[in-house]
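Results of the structural survey
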Amino acid sequence: MKTAFITGITGQDGYYLSKLLLEKGYIVHGTIRRSSSINTSRIDDLISEFQPQEKLILHYSDLLDSASIFNLINYIQPDEIYNLAAQSHVSVSFQNPIFTTQTGTLGSLSILEAIRRSKKEIKFYQASSSEMFGGAAKVKLNEQSILDPKSPYAVSKVFAHHMTKVYRDSYSLFSTNGILFNHESPHRGETFVTRKITKAVGRIYHGLQKKLTLGNLNASRDWGFAGDYTEAMWMMLQQKSPDDFVIATGETHTVEEFAQHAFSYVGLDYKKYIQTDKKYFRPNEVDYLLGDYEKAQKLLGWRPKTTFLQLVEMMVESDLNNAKREEILFN
């Protein structure tokens, strides 16, 4: 029976990855940050099912506390570590650049150091990001494409990405980077643009909201389903040798297209409800991201299972149900 350690287990990716690993028979350990409010809502169903069996174990920890991370890894003795924790909202990273950078850099370095000092062979997955590419040109991006970060978040990811490779090459660690393009789901945070759109669709349809304010409607992204992408994470750590992989769909769509499909799913014209405000524009915009997952398909046997339209409809359906419950409580 394998043991996995996941940082950021309470996030969107943490939910789908821990669910996958638990279903595969893993014992899963995860970190949560101590706060005045309970922040495990995404994984509450997993806690109910697997915690009584001692297959899902949560620990209070913080990536900025290197001693805590070292002690946890030494205590758990995991077979696999997935570093998913980060301040992952790009716009927020401009407002909180120090915290974003510290979490993204010191966190990954603390884990790598702990693995290097461990007597056990531990496989490590680092969550890299398509934001590292910068999106200046309208080209398909792969593992060899130039990195040109345009936000504090992206810069921190570039550091962690390179450090993962340094530890792999210097100490022969099984450390791999998953360069994931945008991936969404009903568990996406409500401040991210896709979820902001689908939540608004649900609330507008049920008469709880009248307008939706967005930023750059022309920003183009390669959007996939988070459940598909976390499966790719696991597949990377099942290989004989560590490597880096782009995970994407090979399609790109604008924010406006996403909104159009989301509103049309419930028979509404998005143009009647959407307005833009420059305060939601980034200081340094990433205009276009499109991934090439050919290497992952060839070496991992991975390809996306969920289409763009299926993703949009899945998210709208979920937020329609959420809005319906809100409407009942409101009335």
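Our subject is the structure listed above.
First things first, this report covers the structure right here in the doc.

Basis of the calculations
Position numbers for residues count from 1 along each chain, tracking the sequence in the order it is written. Note on the predicted model: pLDDT of at least 70 is required for a residue's local features to be given, and 80 or more for side-chain atom pairs to be given and counted; whole-chain, interface and lining totals, by contrast, use all residues. The basis for the side-chain values is all heavy atoms of the structure; hydrogens and waters are excluded. Strands here are runs of E lasting at least two residues and helices are runs of H or I lasting at least four, both read from the DSSP assignment and numbered beginning at the N terminus. Atoms counted for the radius of gyration: C-alpha only. Globule rule: 2.2 Å times residue count to the power 0.38. To sort residues, take the accessible area from a 1.4 Å probe on protein chains only and compare it with the maximum for the residue type: under 20% means buried, over 50% means exposed, and anything in between is partly exposed. Should any heavy atoms of two residues lie within 4.5 Å, those residues are considered in contact. When charges are tallied, Lys and Arg are placed among the positive residues and Asp and Glu among the negative ones, while His and the ends of the chain are skipped. Where a charge lies is defined by one atom per residue type, namely NZ (Lys), CZ (Arg), CG (Asp) and CD (Glu). Strand pairing is assigned whenever DSSP identifies at least 2 bridges connecting the two strands. Where helices are involved, their axes are fitted lines through C-alpha atoms of the stretch in contact, as for all axes, and angles between N-to-C directions lie from 0 to 180°. N or O atoms closer than or at 3.5 Å make up a polar contact, with two conditions inside protein: a donor-capable atom paired with an acceptor-capable one, and, for residues adjacent in sequence, both atoms drawn from side chains. By nonpolar core is meant a set of buried Ala, Val, Leu, Ile, Met, Phe, Trp, Tyr and Cys residues that side-chain atoms within 4.5 Å join together. In these notes the angle categories are as follows: under 35 degrees is roughly parallel, over 145 is roughly antiparallel, 65 to 115 is roughly perpendicular, and the rest is oblique. Here is the rule for handedness: rotate from the far helix to the near one, and if that takes an anticlockwise turn smaller than a right angle the crossing is left-handed, while a clockwise turn gives right-handed. Put simply, Ala, Val, Leu, Ile, Met, Phe, Trp, Tyr, Cys and Pro go in the nonpolar bin, Asp, Glu, Lys and Arg in the charged bin, and everything else, Gly too, in the polar bin. Here the aromatic set is Phe, Tyr and Trp, taking the six-membered ring for Trp, and pairing holds for ring centres within 6.5 Å; pairs whose planes are under 30 degrees apart are stacked, those over 60 apart are edge-to-face, and all others are tilted. The rule for a charge over a ring is simple: NZ of Lys or CZ of Arg within 6 Å of the ring centre, and within 35 degrees of the ring normal. What makes a salt bridge here is a side-chain nitrogen of Lys or Arg within 4 Å of a carboxyl oxygen of Asp or Glu, nothing more.

1. Thoughts on the overall build of the chain
Across its full length, the chain carries eleven helices and 13 strands. Computed over C-alpha atoms, the radius of gyration of the chain comes to 20 Å, within 12% of the 20 Å expected from 2.2 N^0.38 for 331 residues, which places it in the range of a compact globule. For the chain, the proportion of its 331 residues judged to be buried stands at 55%. Expressed as a percentage of contacts within the chain between residues at least 6 apart in sequence, the contacts between residues at least 24 apart total 81%. In the chain, which carries 38 positive and 37 negative side-chain charges, the distance between the mean positions of the two groups comes to 2 Å.

2. Digging into the sheet that holds strand S3 (residues 56-60)
In space, the seven strands of this open sheet follow the order S3-S2-S1-S4-S5-S6-S11, with parallel pairing throughout. Each of the sheet's edge strands pairs with one partner strand only, and the pair in question is S3 and strand S11 (245-247). On average, each strand axis in the sheet is inclined to that of its neighbour by 20°, with strand direction left out of account. One ladder, built from three bridges, connects strand S6 (residues 175-180) with S11; its direction is parallel. Bridge pairing links Gly178 to Phe245 in S11. Against the sheet, helix H1 (residues 12-23) makes contact with strand S1 (3-7), strand S2 (27-32), S3 and strand S4 (80-83), and its axis sits at roughly 175° relative to S1, the strand it touches most.

3. Observations concerning the environment of His183
Here His183 shows up in strand S7 (residues 183-184). On the basis of relative accessible area, His183 is assigned to the buried category, the value being 11%. With 114 residues separating them along the chain, His183 and Gln297 place their C-alpha atoms 17 Å apart. Apart from residues lying up to four places away in sequence, His183 is in contact with Gln12, Asp13, Arg188, Gly224, Phe225, Ala226 and Tyr229. Side chain to side chain, His183 and Asp13 meet in a polar contact 2.7 Å long.

4. Thoughts on the nonpolar core
Generally speaking, nonpolar side chains in soluble globular proteins are found buried as a group. Core analysis: the largest hydrophobic core is formed by 62 residues, its most contacted members being Leu21, Tyr82, Tyr125, Ile197, Ile247 and Trp302. For this core, the leading source of residues is helix H8 (residues 226-236), giving seven residues. Leu63, Leu112, Ile122 and Met163 belong to the second largest nonpolar core, which has 17 residues in total.

5. Quick notes on the packing of helix H9 (residues 255-264) against helix H11 (residues 308-330)
Helix-helix packing is characterised by the crossing angle of the two axes and by the distance between the axes. Close contact between H9 and H11 brings their axes to 9 Å; oriented N to C, the two are set at 55°. As far as their axial angle goes, H11 and H9 are oblique. Between H9 and H11 the crossing geometry is right-handed. Note on element contacts: H11 touches H9 through Phe308, Leu309, Val312, Met315 and Val316, opposite Phe258, His261 and Ala262. Tallied by class, residues from the contact of H9 with H11 come to seven nonpolar, one polar and no charged.

6. Some words on the packing of aromatic side chains
Under the defined criterion, the tally for this structure stands at eleven aromatic pairs. On the numbers, 5.7 Å between centres and 85° between planes, the contact of Tyr293 with Trp302 is edge-to-face. For Trp302, a relative accessible area of 2% corresponds to the buried category. Through a chain of ring-to-ring contacts, three or more aromatic side chains come together here, namely Tyr15, Tyr16 and Phe225. Here the basic side chain of Lys24 rests over the ring of Trp234, its NZ or CZ set 4.0 Å away from the ring centre. Lys123 extends its terminal NZ or CZ atom over the ring of Phe174, reaching a point 4.6 Å from the ring centre.

7. Section: the environment of Ala67
Turning to its location among the elements, Ala67 is positioned in helix H3 (residues 66-76). Linking Ala67 and Ser110, residues 43 residues apart in sequence, is a C-alpha distance of 8.3 Å.

8. With respect to the pattern of salt bridges
Counting across every chain of the model gives 15 salt bridges. Close ionic contact of Glu23 with Lys19 constitutes a salt bridge, the shortest N to O distance being 2.8 Å. Here the residue Glu23 and the residue Lys19 both occupy positions in helix H1, the gap between them amounting to four residues, near one helical turn. Glu23 sits in the exposed class, given a relative accessible area of 53%. Assessed through its relative accessible area of 29%, Lys19 is described here as partly exposed. Note that Arg195 is salt-bridged to Glu190, the shortest N-O span being 3.8 Å.

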